[in-house]
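# Summary of the model geometry
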Amino acid sequence: MGVVKDLLKGLAVTGRTMIGTISGRELVTRPYPEVKREKPQRFHGRHVLNRYPDGMEKCIGCELCAGACPAKCIYVRGADNDPENPVSPGERYGYVYEINMLRCIFCGLCVEACPTEAITMTHLFEMSTTNREDGIYTKEELLMRPDGTVPHMFPDDPLADLDELQTADGWVRATAPGGRAAYEGVQMWQGTPGSADWSPEPSQEERDRRSGE
Ligand code: SF4
Ligand code: SF4
């Protein structure tokens, strides 16, 4: 009996969708991918390895992100900086950095663990590939360019959404010091080059005011 009920429920969904398609009712999936839904500021998408405004890499190869990752999908190998030509301001830098996106659960714990805000997440979620190798992002794809833009895995794909890569998540806002009112509207992270949006998240009061307008 339960199977028949489930079957009828499934057919009802199919019927509603077909009627909606014929009548032109707006369905979430219809305008996609040309039109995408707005994502929340804290959306967890593809990662990016950041640079300081002077172009130095923020990653110091400490491997804390790899240790925190519950999916064990980050591989980091640090190396000593050449004092004459350092890659990062620390003693070491991330010589090898890889994330296996096929295993990643986009929890953001790597971001939380990073002491230098080297790794953050963008709004890009479209990462489907036709082979497993392309699911492993190397430093080449993850590291922000010196001009602050973020490389796309498939820049020639006509559907590649480069804007989503330039939109940073608001992770620090979620973990800012105990939600203290004194920090409301204050930018809680170091400046990052590029077009990423690092402006402070509006306060709850401001959001309530806007939603009432
Ligand atoms: S988002 Fe979570 S699962 Fe993905 S790499 Fe970071 S810690 Fe690992
Ligand atoms: S991304 Fe952050 S936590 Fe991971 S190795 Fe680099 S500095 Fe350490």
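The shown structure was predicted, so the numbers you read here are calculated from the model rather than taken from an experiment. (Residues numbered from 1 in each chain as written. Chains lettered and ligands numbered in written order. Predicted model: local features only at pLDDT ≥ 70, side-chain atom pairs only at ≥ 80, totals over all residues. Heavy atoms only, no water.)

## Some points on the overall build of the chain
The helix and strand tally for the chain stands at seven helices and five strands. Traced from its N-terminal end to its C-terminal end, the chain shows the element sequence α-β-α-β-β-α-β-β-α-α-α-α. For the chain, buried positions account for 36% of its 213 residues. Expressed as a percentage of contacts within the chain between residues at least 6 apart in sequence, the contacts between residues at least 24 apart total 69%. Accessible surface, the chain: about 13,100 Å² in total, of which carbon and sulfur atoms supply 55%. (Helix = DSSP H or I, 4+ residues; strand = E, 2+ residues; numbered from the N terminus. Buried < 20%, exposed > 50% of the residue type's maximum accessible area, 1.4 Å probe, protein only. Contact = heavy atoms within 4.5 Å. Areas by Shrake-Rupley, 256 points an atom, 1.4 Å probe, with all protein chains shown as cover.)

## Comments concerning the confidence of the model for the chain
Per-chain confidence: the chain averages 81 in pLDDT, with 77% of residues scoring 70 or above. Ignoring residues within four places in sequence, the model shows residues 171-177, a span with pLDDT below 50, making 19 contacts including any to other chains. The model gives residues 190-195 a pLDDT under 50, and that stretch makes 20 contacts with residues more than four places away or in other chains. (pLDDT = per-residue confidence, 0-100.)

## Some thoughts on the site of ligand 2
For ligand 2, the set of nearby residues contains 14 residues, the closest of which are Cys59, Cys62, Glu63, Cys65 and Cys114. Looking at the shell around ligand 2 residue by residue, the class counts come to eleven nonpolar, two polar and one charged. (Near = heavy atom within 4 Å. Nonpolar A, V, L, I, M, F, W, Y, C, P; charged D, E, K, R; others polar.)

## Describing unusual backbone geometry
Trans peptide bonds make up the majority, and among non-glycine residues the majority have a negative phi. Positive phi, normally seen in glycine, also occurs at Lys72, with a value near 50°. Within the secondary structure, Lys72 is located in the loop between helix H2 (64-68) and strand S2 (74-80). The phi torsion at Phe106 lies on the positive side, around 55°, for a residue other than glycine. Mapped onto the fold, Phe106 is located in the loop between strand S3 (92-100) and helix H3 (109-113).

## Quick look at the site of ligand 1
In the region of ligand 1, 14 residues are neighbours, and Cys69, Cys104, Cys107, Gly108 and Cys110 sit closest. Class assignment for the residues of the shell around ligand 1 results in twelve nonpolar, two polar and no charged.

## With respect to the pattern of salt bridges
The final tally for this structure, using the stated rule, is three salt bridges. As a salt-bridge pair, Glu57 and Lys139 come within 2.8 Å of each other at their nearest N and O atoms. Taken together, the residues span a long stretch of sequence, with Glu57 in the loop between strand S1 (47-49) and H2 and Lys139 in helix H4 (residues 139-142) at a distance of 82 residues. For Glu57, a relative accessible area of 9% gives the class buried. Its salt-bridge partner being Asp80, residue Arg92 comes within 2.9 Å of it at the nearest N-O pair. Note that Arg92 is positioned in strand S3 and Asp80 in strand S2, a separation of twelve residues in sequence. What makes Arg92 partly exposed here is its relative accessible area of 34%. (Salt bridge = Lys/Arg side-chain N within 4 Å of Asp/Glu carboxyl O.)

## Description of the environment of Gly90
When you line up the elements, Gly90 lands in the loop between S2 and S3. Among the residues examined, Gly90 registers a relative accessible area of 28% and is labelled partly exposed. When the C-alpha atoms of Gly90 and Gly61 are compared, they prove to be 9.2 Å apart, with 29 residues separating the residues in sequence. Filtering out sequence-adjacent residues up to four positions away, Gly90 remains in contact with Ile60 and Asn81.

## Observations concerning the sheet that holds S3
Reading across from one edge, S2-S3-S5 is the order of the three strands in this open sheet, with antiparallel pairing throughout. Strands at the two margins of the open sheet, each flanked by one partner only, are S2 and strand S5 (136-137). Relative to S3, S2 runs antiparallel, the two sharing seven bridges. Residue pairing in the sheet places Ala79 in a bridge with Tyr93 of S3. (Pairing = 2+ DSSP bridges.)

## Describing the packing of aromatic side chains
The final tally for this structure, using the stated rule, is two aromatic pairs. Arranged with centres 6.1 Å apart and planes meeting at 70°, the rings of Phe43 and Phe125 form a pair that is edge-to-face. Taken together, the positions of Phe43 in the loop between helix H1 (2-23) and S1 and Phe125 in the loop between strand S4 (119-121) and S5 put the pair 82 residues apart, joining distant regions of the chain. For Phe43, a relative accessible area of 23% puts it in the partly exposed group. A centroid spacing of 6.5 Å and a plane angle of 85° characterise the contact between Tyr93 and Tyr95, whose relative ring orientation is edge-to-face. Residue Tyr93 is classed as buried on the basis of its relative accessible area of 15%. For Tyr95, a relative accessible area of 46% corresponds to the partly exposed category. (Phe/Tyr/Trp six-rings, centres within 6.5 Å; stacked < 30°, edge-to-face > 60°.)

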